[in-house]
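In case you want the letters, here they are:
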Number of protein chains: 2
Amino acid sequence: MVRWEPGTRERLQAAAMDLYVSRGFERTTVAEIAQAVGLTERTFFRHFADKREVLFGGQELLEQAFVDGVAAAAPDASPLAMVESALSAAAGFFPAERRSHSRQRQTIIAANPALQERELLKMAALAAVVAAALRARGVPEASATLAAESGVTVFGVAFVKWLAEGEQRSFLDIEREVLGELVAMAAGAA
Amino acid sequence: MVRWEPGTRERLQAAAMDLYVSRGFERTTVAEIAQAVGLTERTFFRHFADKREVLFGGQELLEQAFVDGVAAAAPDASPLAMVESALSAAAGFFPAERRSHSRQRQTIIAANPALQERELLKMAALAAVVAAALRARGVPEASATLAAESGVTVFGVAFVKWLAEGEQRSFLDIEREVLGELVAMAAGAA
DNA sequence: GAAAGCGATGTCAGTGACTGACGTCAGTGA
DNA sequence: TCACTGACGTCAGTCACTGACATCGCTTTC
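Residues numbered from 1 in each chain as written. Chains lettered and ligands numbered in written order. Predicted model: local features only at pLDDT ≥ 70, side-chain atom pairs only at ≥ 80, totals over all residues. Heavy atoms only, no water.

Peer 1: Residues and numbers for the UniProt feature "domain: HTH tetR-type" (unreviewed entry) in chain A, please.
Peer 2: With numbering matched to this structure, UniProt assigns "domain: HTH tetR-type" (unreviewed entry) to residues 6-66 of chain A. Between the C-alpha atoms that bound residues 6-66 of chain A the distance is 30 Å, and the span itself is 62% helix and 0% strand. (UniProt positions renumbered as here; feature names shortened; annotations may be inferred. Helix = DSSP H or I, 4+ residues; strand = E, 2+ residues; numbered from the N terminus.)

Peer 1: Any chance you could break down the protein's contact with DNA strand D for me, citing the residues and the numbers?
Peer 2: Inspection of the region around DNA strand D gives 22 residues, with A:Thr8, A:Thr43, A:Arg46, B:Arg3 and B:Lys51 positioned closest. Sugar and phosphate atoms form 54% of the subset of DNA strand D atoms that lie within 4 Å of the protein. A distance of 2.7 Å is found between a phosphate oxygen of DNA strand D and a side-chain nitrogen or oxygen belonging to A:Thr8. The separation between a phosphate oxygen of DNA strand D and a polar main-chain atom of A:Thr40 is 3.1 Å. Among the secondary structure elements, those contributing two or more residues to the surface near DNA strand D are helix 3 (41-47) of chain A together with helix 3 (41-47) of chain B. For the surface near DNA strand D, the per-class residue count stands at six nonpolar, seven polar and nine charged. (Near = heavy atom within 4 Å. Polar contact = N/O pair within 3.5 Å; in protein donor to acceptor, adjacent residues only side chain to side chain. Nonpolar A, V, L, I, M, F, W, Y, C, P; charged D, E, K, R; others polar.)

Peer 1: Go over the interface of chain A and chain B, please, and point to the residues and values.
Peer 2: Across the contact, 29 residues belong to chain A and 29 residues belong to chain B. Together, the buried faces of chain A and chain B total about 2,400 Å²; carbon and sulfur atoms form 78% of this surface. By the criterion of area lost to chain B, the three top residues of chain A are A:Glu117, A:Leu146 and A:Met185, representing 28% of everything that side buries. Put simply, chain A and chain B have four salt bridges between them. Where chain A touches chain B, the interface holds four residue pairs in polar contact (both at pLDDT 80 or more). Mapped by element, the contributors of at least two residues to the side of chain A that touches chain B are helix 7 (113-136), helix 8 (141-163) and helix 9 (171-187) of chain A. When residues of the side of chain A that touches chain B are assigned to their parent elements, the largest contribution, 10 residues, is made by helix 8 of chain A. The class makeup of the residues in the side of chain A that touches chain B is 17 nonpolar, six polar and six charged. (Contact = heavy atoms within 4.5 Å. Buried area = accessible area lost by both parts, 1.4 Å probe. Salt bridge = Lys/Arg side-chain N within 4 Å of Asp/Glu carboxyl O.)

Peer 1: Talk me through the relation of the copies chain A and chain B; I want residue IDs and the actual numbers.
Peer 2: Of the transformation superimposing chain A on chain B, the axial component is 0.0 Å and the angular component is 180 degrees, with the fit at an RMSD of 0.0 Å. Put plainly, the chains are arranged around a two-fold axis. Interface overlap between copies: 100% of the residues of chain A at the interface are likewise at the interface in chain B, consistent with a symmetric, same-surface contact. (Least-squares fit on C-alpha atoms with pLDDT ≥ 70 in both.)

Peer 1: Hey, could you go over helix 5 (residues 79-91) of chain B for me, with residue numbers and the actual values?
Peer 2: Across its 13 residues, helix 5 of chain B extends 19 Å between first and last C-alpha, which sits within 8% of the 18 Å expected from 1.5 Å per residue. Within the span of helix 5 of chain B, buried status applies to B:Leu80, B:Met82, B:Val83, B:Ser85, B:Ala86, B:Leu87, B:Ala90 and B:Ala91. In the core, the buried residues of helix 5 of chain B are packed alongside helix 9 of chain A together with helix 4 (59-72), helix 7 (113-136), helix 8 (141-163) and helix 9 (171-187) of chain B. (Expected span 1.5 Å × (residues − 1). Buried < 20%, exposed > 50% of the residue type's maximum accessible area, 1.4 Å probe, protein only.)

Peer 1: Tell me about the packing of helix 6 (residues 99-110) of chain A against helix 8 of chain A, and name the residues and values.
Peer 2: Residue and element names in this part refer to chain A. The contact between helix 6 and helix 8 brings their axes to 10 Å, and the two run at 110 degrees. Classified by the interaxial angle, the pair formed by helix 6 and helix 8 is roughly perpendicular. Every residue of helix 8 that contacts helix 6 at Arg99, Ser102, Arg103 and Gln106 is listed here: Phe159, Trp162 and Leu163. In terms of residue class, the contact of helix 6 with helix 8 is built from three nonpolar, two polar and two charged. (Axes fitted to C-alpha atoms, helices over the stretch in contact; angles between N-to-C directions. Parallel < 35°, antiparallel > 145°, perpendicular 65-115°, else oblique.)

Peer 1: Can you tell me about the UniProt feature "DNA-binding region" (unreviewed entry) in chain A, naming the residues and giving the values?
Peer 2: Mapped onto this numbering, the UniProt entry annotates "DNA-binding region" (unreviewed entry) at residues 29-48 of chain A. In residues 29-48 of chain A, the share of helix is 70% and the share of strand is 0%. The end C-alpha atoms are 14 Å apart.

Peer 1: Before we move on, could you go through the domain arrangement of chain A and cite the residues and values that matter?
Peer 2: Residues and elements named next belong to chain A. In terms of domain boundaries, chain A breaks down into domain 1 (8-54) and domain 2 (56-187). Taking the mean C-alpha position of each, domain 1 and domain 2 sit 28 Å from one another. Across the contact, 10 residues belong to domain 1 and 12 residues belong to domain 2. At the boundary of domain 1 with domain 2, total buried surface from both sides reaches about 1,000 Å², with 54% on carbon and sulfur atoms. Summed over the three residues of domain 1 that lose the most area to domain 2, namely Met17, Arg52 and Glu53, the buried surface amounts to 58% of that side. Connecting domain 1 to domain 2 are four salt bridges. Between Asp50 and Arg118 there is a salt bridge; the shortest N-O distance is 3.0 Å. Taken together, the residues of the side of domain 1 that touches domain 2 break down into five nonpolar, one polar and four charged. (Domains from an automatic or database assignment.)

Peer 1: Before we move on, can you summarise the side chain of A:Ser150 with the specific residues and values?
Peer 2: Along the chain, A:Ser150 falls in helix 8. For A:Ser150, a relative accessible area of 6% gives the class buried. Aside from chain neighbours lying at most four places away, what touches A:Ser150 is A:Leu182, B:Leu182 and B:Met185.

Peer 1: Requested: an account of the packing of helix 7 of chain B against helix 8 of chain B, with residues and values cited.
Peer 2: Residues and elements named next belong to chain B. Their axes nearest at 8 Å, the elements helix 7 and helix 8 cross at an angle of 135 degrees. If you check the angle between helix 7 and helix 8, you find them oblique. Like other packed secondary-structure pairs, helix 7 and helix 8 cross with a definite hand, here right-handed. Here helix 7 contributes Met123, Leu126, Ala127, Val130, Ala131, Leu134 and Arg135 to the contact with helix 8, which in turn contributes Glu141, Ala144, Thr145, Ala147, Ala148, Glu149, Val152 and Phe155. (Left-handed = near helix turned anticlockwise from the far one by under 90°.)

This is how it looks when you write it as structure tokens:
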């Protein structure tokens, strides 16, 4: 008999999601989450920096996908083409099966400014690593920042659309549509 | 003799800035801030929702400037032209005299993820009201969101540039430059 | 001009997030 | 065998934030 069940982190995440859904984020206590999986509040904080972070696992993987996408773009690609490649790479993270889970998560976040703050921070971090990846490919500072920020904006807008009721298209298709709209908008003002 | 000194809110803001600079944000207590102006912790929380909010006064005024800017754009202006108008209107908030103060504030924020989160939330709120203003002028949903987000991105990038050491140009000039770069980047991919 | 009400503040007693120090104990390797 | 490690528990403490209630100059009302 093992001393501790494996997958502590994952069990805490699942319990937190459940409780955030049923009681709401603010009305659930870290002690309750820990208790739900037979652990202590102190142990929760050994796995997650804070009560919000438990909803934001996998950030590093998403960042890596974006970075890999930038690296995979054609040698002579424009900054925006590199971003497009990154968006394509990230689309793999959101297959149709994941929509239900993502929707539930997004509902929780939408109900709490504190969680929105954390999400915005994650998106900002994402933009920062994408900008760094672009700079590593020789894109000048200003363009890199703008392209990265725009890319993350497209990602965010596409994500919300993907979650919309009745939406049937793949995440990738929606990303492409939104990116096209952005380019069209900017082109109209050139 | 009056019972209370006037300008409580402003005095709290000033004391908070001072302490955040000298001791750092995390190492200063709300009780200390209140004490510094002869008040109680409880009173601090009657003026500010939390310890971070004290650094983010004047948000409504900035939002209003953006909204007014959108409204002031030419009747046949494109979404991006409306955003440009909004950026121009906002530039009035950042005359050269304010750079020193803004720089100090930005240094505090840059040192604390919790404060960055709050700033990002404020920028997201700004984007939301700009998007609403664009929609009110007939811009379709998707374009409004993208144009607003792009505008706020330009604003943020321009703000950082404006604060850079050795930068001499006006905030408005920098905004225009950054917006131009964004349009050029998007146009290059059209 | 006394009484009533208002508004900004103080006081006090919480709750809950988060931290540091230290103890526990099954498994692991020398 | 035994030292050591890693994941967890226990405990005490700090601090952000909240609700309920008291205080008391000032203003309004009759």
